[in-house]
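Report on the structure
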Amino acid sequence: MSRPERLIDENGRRVDGRRADELRPIRMEVGVLDKSDGSAYVEFGGTKVIAAVFGPREAHPRHLALPDRAILNCRYHMTSFSVEERKPLGMTRREIELSKVIREALETVAFLEEFPRAAIDVYVEVVQADGGTRTAGLTAASLALADAGIPMADLIAGVAVGKVDGQLVLDLCDLEDKYGEADMPVAMAPRFNSIVMLQLNGRMTVEEFKRGLALAKKGIDEIYRLQREALKKKFSKISPEEV
Amino acid sequence: MPIYFTEHEIVVPGQLLSDNGKRSGEGTYTHGGKIYAARIGFASIRDNKVVVTPFKAAYKPAPGDWVVGIVSDVKPNGFEIDLGRHLKGTIRIPDREEVISTGLNVGDVVYVRIKESGLSGVVIDKRSRIRRIESGILIQIHPAKIPRLIGRRGSMINLIKRLTGCEIIVGKNGFIVINGPSPEAEFAAVKAVKMIEEEAHISGLTERVEKLLRELVGGAGAPSS
């Protein structure tokens, strides 16, 4: 897609008709896959992501296993049909980097010391990419971890903020990401207000950064609420019978 | 003690449960003197502690647990036992002659007790008898469902034993051995166990299990052992 003339029109509406502080329509579902221990599907507008968790299981190769805690493996991958021009199979530099930042974010909340010598594998598969795939992926991955019964301190919710036509906007879509001035994905463990991932591409002033972070926090609170709803919904049919 | 949940409420990781950090139990953690949920499950107060009964959870070995395992390796100083998923247990026998005299070999199924679990791995208690299981059907269910399979004071497992006439050995790690008088009885017991695994949290389970077993083995039930 080519650059639109303006990313924000005279009424303050963005390319997809949203206001500056508005999220895209979000859909979340937990437990979408049968063969994994935990899974989740997350949709932020046109961005669609599936996350699956396997484990705790035996660590392979064995020498990587740690005696006092589990190792967390993470693979962020974009399907070849997720973007406009076919993405070749295999891991690109970008995907390797995002796998790392997602893994490090998840490590801050998961109680890995519960499973010494084991490995937990997290797979994040981007089905369709329309901006904000790493934050959607992290949101899905934390839901899948919780679904797999891995003990964790909090869920992780993420969203991107950015600067487009000189204005701060929430939850960038692909066009805004490509042609905007700055893109800042933020992920937090909202319960303790701790930032577990923060990257910044482009230029922002300190003041803009501060406002951007506050804007992200607002979006994250909403995503966090939806996450808890989605998790509870999966198990709502279950009635508590004494054991 | 102020608590922030209703009995048997579904809680999610990170949810605030109580202000009194001293009463943190299974499935919870403390931060800044407050109790939060670490897993999805039902929150409740048991023995004056806040606990979360998880819907799904990997088996965590604890001293004193009886488990079913498969001998995966014979070493000069003992055995390695596969306890399912990521877990390996070890039996340490200092004397090589004694290792041979136990008669255990790779692939044998054993019913053993855990002595300790920590940095040195899962160590099997060899003072309590290591029981080699000669025959039966070995099945695996989710370890989180084991308490439901046993039932209150063994009510559920005894129901299956009584109606099918099978001997059932339940390992806390999720391995179960069923040994019965006939293939039909064993098949019925396996079906009942699978039903409990799938419908553990839906009420009226005992009645459904009883109905299923009566259909499969007939009203009279197999001759009890």
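For the rest of this paragraph, the subject is the overall build of chain A. Each helix and strand counted, chain A has four helices and ten strands in total. Judged by the C-alpha coordinates and their principal axes, chain A covers about 60 × 40 × 35 Å. Counting all 243 residues of chain A, 49% fall into the buried class. For chain A, the proportion of contacts with a sequence separation of at least 24, taken over those separated by at least 6, is 68%.

On to the sheet that holds strand S4 (residues 34-37) of chain B, then. All names here are of chain B. Reading across from one edge, S2-S4-S3 is the order of the three strands in this open sheet, with antiparallel pairing throughout. This sheet does not close on itself; its edge strands, each paired only once, are strand S2 (16-18) and strand S3 (28-31). Averaged over all adjacent pairs, the angle separating strand axes in this sheet is 45°, with direction ignored. When S3 meets S4, the two strands line up antiparallel, connected through four bridges. Paired with Tyr29 across the two strands is Tyr36, which belongs to S4.

Glancing now at the packing of helix H1 (residues 93-109) of chain A against helix H2 (residues 133-147) of chain A. Residue and element names in this part refer to chain A. Close contact between H1 and H2 brings their axes to 10 Å; oriented N to C, the two are set at 45°. One way to sum up the angle between H1 and H2 is to call them oblique. Classified by chirality, the crossing of H2 by H1 is right-handed. Between H1, through Leu98, Val101, Ile102, Ala105 and Leu106, and H2, the contact on the second element is made entirely by Arg134, Gly137, Leu138, Ala141, Ser142 and Leu145. Residues that form the contact of H1 with H2 fall into these classes: eight nonpolar, two polar and one charged.

The subject of this paragraph is the sheet that holds strand S2 (residues 38-44) of chain A. All names here are of chain A. Strand order in the open sheet formed by five strands is S1-S2-S3-S5-S4, with mixed pairing between adjacent strands. For this open sheet the edge positions go to strand S1 (26-30) and strand S4 (71-78), each flanked by a neighbour on one side alone. Put simply, the sheet's adjacent strands are angled 15° from each other on average, direction ignored. Here strand S3 (residues 47-58) runs beside strand S5 (residues 118-128); their pairing, made up of nine bridges, is antiparallel. Each bridged residue has a counterpart across the sheet, and for Arg57 the counterpart in S5 is Ala119. Contacts from H1 reach S4 and S5, with the element oriented near 140° to S4. Against the sheet, H2 makes contact with S1, S2, S3, S4 and S5, and its axis sits at roughly 40° relative to S3, the strand it touches most.

What follows concerns helix H4 (residues 183-198) of chain B. Residue and element names in this part refer to chain B. With 16 residues, H4 ought to run about 22 Å at 1.5 Å a step, and its terminal C-alpha atoms sit 22 Å apart, in line with that. Turning to H4, its buried residues number three or more, namely Ala185, Glu186, Ala188, Ala189, Ala192, Val193 and Ile196. Seen end-on, H4 carries its buried residues on one side only, within an arc spanning 160°. Seen from the buried face of H4, the exposed residues on the opposite side, beyond 90 degrees, are Pro183, Lys194 and Glu198.

Taken residue by residue, the interface counts 27 residues in chain B and 30 residues in chain A. Its residues assigned to classes, the side of chain B that touches chain A shows 16 nonpolar, five polar and six charged.

This paragraph deals with the domain arrangement of chain B. Residues and elements named next belong to chain B. Assigned domains of chain B: these are domain 1 (9-54), domain 2 (66-133) and domain 3 (137-217). Placing a centre on the C-alpha atoms of domain 2 and another on those of domain 3 gives a separation of 26 Å. The partner domain 3 presents ten residues to the ten residues of domain 2 that form the contact. If you tally residues by element for the side of domain 2 that touches domain 3, the top one is strand S7 (residues 66-75), at four residues. Grouping the constituent residues of the side of domain 2 that touches domain 3 by class yields eight nonpolar, two polar and no charged.

This brings us to unusual backbone geometry. As a rule of thumb, non-glycine residues mostly have phi less than zero, and peptide bonds are mostly trans rather than cis. Residue and element names in this part refer to chain A. The step from Gly55 to Pro56 runs through a cis peptide bond, and the omega angle for that step is 5°. Along the chain, Pro56 falls in strand S3. Positive phi values are uncommon outside glycine, yet Asp171 reaches one of about 55°. Here Asp171 is to be found in the loop between strand S7 (167-170) and helix H3 (174-179).

What counts, and at which threshold
- Residue numbering note: each chain is counted from 1, following its sequence as written.
- Starting at A for chains and at 1 for ligands, labels are handed out in the order in which the entities are written.
- Reporting in this predicted model follows two pLDDT cut-offs: at least 70 for local features of residues, and 80 or more for side-chain atom pairs to be given and counted; totals over whole chains, interfaces and linings ignore these cut-offs and use all residues.
- Elements are defined by DSSP. Helices are runs of H or I of four residues or more, strands are runs of E of two residues or more, and each kind is numbered from the N terminus.
- Using C-beta atoms placed from the backbone, we call a residue buried if 20 or more other C-beta atoms fall within 10 Å of its own, exposed if 12 or fewer do, and partly exposed for counts in between.
- Note on contacts: each residue gets a C-beta atom placed from the backbone, and two residues are in contact if those atoms are within 7 Å.
- In this scheme, strands are said to pair when DSSP sees at least two bridges between them.
- Each axis is a line fitted through C-alpha atoms, taken for helices only over the stretch in contact, and angles between the N-to-C directions span 0 to 180 degrees.
- Relative orientations are named as follows: roughly parallel for angles under 35 degrees, roughly antiparallel for angles over 145 degrees, roughly perpendicular for angles from 65 to 115 degrees, and oblique for any other angle.
- Two helices crossing with the near one rotated counterclockwise from the far one by less than a right angle form a left-handed crossing, whereas a clockwise rotation gives a right-handed crossing.
- All amino acids are sorted into three groups, where Ala, Val, Leu, Ile, Met, Phe, Trp, Tyr, Cys and Pro are nonpolar, Asp, Glu, Lys and Arg are charged, and the leftover types, Gly among them, are polar.
- By definition here, a helix of n residues has an expected span of 1.5 Å times n minus one.
- Taking the helix axis as origin, the arc is that swept by the directions to the C-beta atoms.
- What counts as a domain boundary in this text is fixed by an automatic or database domain assignment.

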